[in-house]
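Examining the three-dimensional arrangement
Single-letter residue listing:
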Amino acid sequence: MDINFDSSIIENYQSGTQIARVLTENWIQQNMYCPRCGNLHIKHFENNRPVADFFCPACKNEYELKSKNGILKNKINDGAYRTMIERITSNNNPDFLFMSYSKKELQVRELILVPKHFFVPDIIEKRKPLAASARRAGWEGCNILIDKIPEQGKIRIISNGEVIDANAVIGKVNKSKQFEIKDINSRGWLFDILNCVNRIPRQIFTLDEIYFFEKELQTKHPKNNNIKPKIRQQLQLLRDKGFIEFVGNGKYSKIV
Ligand SMILES: [Zn+2]
C-alpha cells in the first residue's frame with residue numbers, strides 16, 4: 001500500500017471537487033484491499049449508485065468512501081437523513097471508509113473503516129432543512145457522528161500516514177462481527193454499554209463504575225425503568241462476545 005496519490009491522472013481536470021474525487025477514488029482502486037475477506041483489491045461501481053461506491057469482487061461486500069482534505073472531524077456530512085435511517089434500520093447500508101488526505105502532500109493521512117453494523121440511528125444527526133430559497137428547499141441532510149461510534153467499530157487502516165498491518169485490520173473486522181446483531185434496538189443498547197466501558201480509563205473496572213452511568217442512560221432511554229438490570233445483561237453479552245471477562249468480586253476486565 002502506497003499512501004501517495006497518483007497525480008498523473010488529474011491533468012485533464014479543472015474543478016477542485018472533481019480532482020479530489022478522482023484522486024481519492026483512484027487511490028482506493030489501486031491500493032485498498034478488502035478488509036473483510038482480504039481480497040487484494042476492491043472495485044469501483046461503474047455508474048454512480050446512490051448506495052455504495054466500491055465492492056469486493058470476491059465477497060461482494062460494499063463500501064462507501066467519504067473523504068476530506070485535512071483533519072477528520074467528529075461530524076461528517078452525508079446525504080439525505082431519511083434515506084440514511086432507512087438504510088440503517090433495514091440493515092442494507094454498506095461499510096464506510098472515512099479518509100482524510102493532505103491536498104498539499106497529495107497523500108492519505110488517515111483511513112478508518114466503520115463496518116455497517118456499527119451504524120445505529122443514534123449516530124445519525126438530522127441537519128437543518130434547506131432554506132426556502134434553496135434549490136432543494138426543505139431537504140434534510142444528515143451528519144454521521146463519528147465520536148459516538150464505539151472504538152471497536154473504528155478500525156484504522158492508515159493512521160497518521162502509517163499503514164497498519166492488513167492482517168491486524170482483518171482480525172479486528174472479524175472480531176467486530178460479534179456485533180452483527182439484527183435487531184437495531186438491542187445493538188443500540190450494547191453500543192451504549194460498550195461506550196461506557198470504553199470511557200473507563202482502566203482495564204479492570206467494577207460494576208459500580210458502570211452504574212455511575214445509570215442517570216445518563218436513563219435520560220437516553222426514558223421508557224426503561226430497569227437500567228441496572230439492563231446494564232448487567234449487556235455486560236454479560238459483552239462477556240459472551242469476548243470483549244470483557246468477569247474476574248470475581250463484582251470486577252470485570254477488558255480484553256484487549
Ligand atoms: Zn471481500
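Residues numbered from 1 in each chain as written. Predicted model: local features only at pLDDT ≥ 70, side-chain atom pairs only at ≥ 80, totals over all residues.

Here's the deal with the overall build of the chain
When you go through the chain residue by residue, the secondary structure sums to 7 helices and 13 strands. Whereas a compact globule of 256 residues would reach a radius of gyration of roughly 18 Å, the chain reaches 20 Å, a difference of no more than 12%. The burial tally for the chain puts 26% of its 256 residues in the buried class. Considering only contacts in the chain between residues 6 or more positions apart, those separated by 24 or more positions represent 53%. (Helix = DSSP H or I, 4+ residues; strand = E, 2+ residues; numbered from the N terminus. Rg over C-alpha atoms; globule rule 2.2 N^0.38 Å. Buried ≥ 20, exposed ≤ 12 C-beta atoms within 10 Å, placed from the backbone. Contact = placed C-beta atoms within 7 Å.)

Overview of helix 4 (residues 184–199)
With 16 residues, helix 4 ought to run about 22 Å at 1.5 Å a step, and its terminal C-alpha atoms sit 22 Å apart, in line with that. Here helix 4 has its buried residues at Trp189, Leu190, Phe191, Asp192, Ile193, Leu194, Cys196 and Val197. Summarising the contacts, the buried residues of helix 4 are in contact with helix 5 (207–211), helix 6 (214–220), helix 7 (227–240), strand 12 (244–248) and strand 13 (251–254). (Expected span 1.5 Å × (residues − 1).)

Focus: unusual backbone geometry
For Lys60, which is not a glycine, the phi torsion comes out positive at approximately 70 degrees. Looking at where Lys60 falls in the secondary structure, it is placed in the loop between strand 2 (54–55) and strand 3 (62–69). Of the residues examined, Lys60 has 10 C-beta atoms within 10 Å and is grouped as exposed. The residue Asn249 is not glycine, and still its phi comes out positive at about 55 degrees. The exposure class assigned to Asn249 is exposed, which follows from the 7 C-beta atoms found within 10 Å.

A short note on the environment of Gly70
Of note, Gly70 is situated in the loop between strand 3 and strand 4 (75–80). Considering only alpha carbons, one finds Gly70 and Met32, 38 residues apart in sequence, at a separation of 20 Å.

A look at the domain arrangement of the chain
Here the chain is described as being made up of domain 1 (7–165) and domain 2 (184–254). Look at where the C-alpha atoms of domain 1 and domain 2 centre, and you get two points 30 Å apart. Counting residues at the interface gives 7 residues for domain 1 and 7 residues for domain 2. Among the residues making up the side of domain 1 that touches domain 2, the classes are represented as 2 nonpolar, 3 polar and 2 charged. (Domains from an automatic or database assignment. Nonpolar A, V, L, I, M, F, W, Y, C, P; charged D, E, K, R; others polar.)

A look at the sheet that holds strand 12
Strands in a sheet are paired, the pairing made by backbone hydrogen bonds, and the direction either parallel or antiparallel. Here 3 strands make up an open sheet; going across it, the order is 11-13-12 and the pairing antiparallel. The sheet is open, and its two edges are formed by strand 11 (204–206) and strand 12, each paired on a single side. Sheet twist, expressed as the average angle between the axes of neighbouring strands with direction ignored, equals 35 degrees. Two elements, strand 12 and strand 13, share 4 bridges in a ladder whose sense is antiparallel. Residue pairing for strand 13: Gly248 is matched across the bridge by Lys251. Against the sheet, helix 7 engages strand 12 and strand 13, with an angle of about 110 degrees to strand 12. (Pairing = 2+ DSSP bridges. Axes fitted to C-alpha atoms, helices over the stretch in contact; angles between N-to-C directions.)

Things to note about the sheet that holds strand 8 (residues 141–145)
With respect to topology, 3 strands assemble into an open sheet ordered 4-8-7, the strand pairing being antiparallel. With partners counted over all chains shown, the strands left at the sheet margins are strand 4 and strand 7 (124–126), one partner each. Mean inter-strand twist for the sheet, computed between neighbouring axes without regard to direction, equals 35 degrees. Where strand 7 lies against strand 8, 3 bridges are found, and the strand directions are antiparallel. Along strand 8, the bridge assignment pairs Lys126 with Cys142. On top of the sheet, helix 2 (residues 81–89) reaches strand 4, strand 7 and strand 8; it is set at about 95 degrees to strand 4, its chief contact.

Let's talk about the packing of helix 4 against helix 7
The N-to-C vectors of helix 4 and helix 7 enclose an angle of 85 degrees; their axes lie 9 Å apart at closest approach. Considering the angle they form, helix 4 stands roughly perpendicular to helix 7. Listed contacts from helix 7 to Trp189, Leu190, Ile193, Leu194 and Val197 of helix 4 are Lys230, Ile231, Gln234, Leu235, Leu237 and Leu238. Looking at the contact of helix 4 with helix 7 residue by residue, the class counts come to 9 nonpolar, 1 polar and 1 charged. (Parallel < 35°, antiparallel > 145°, perpendicular 65-115°, else oblique.)

Overview of the nonpolar core
The nonpolar side chains of a soluble globular protein tend to be buried, and buried together. Formed by 47 residues in total, the largest nonpolar core has its most connected members in Leu97 and Ile193. Put simply, the parts of the chain that give this core at least two residues each are helix 1 (16–31), strand 3, strand 5 (95–102), strand 6 (107–114), strand 9 (155–159), helix 3 (166–176), helix 4 and helix 7. With 7 residues, the top contributor of residues to this core is helix 4. Setting aside its immediate chain neighbours within four residues, Leu97 contacts Tyr63, Leu65, Leu111 and Leu113. (Core = buried A, V, L, I, M, F, W, Y, C linked by C-beta atoms within 7 Å.)

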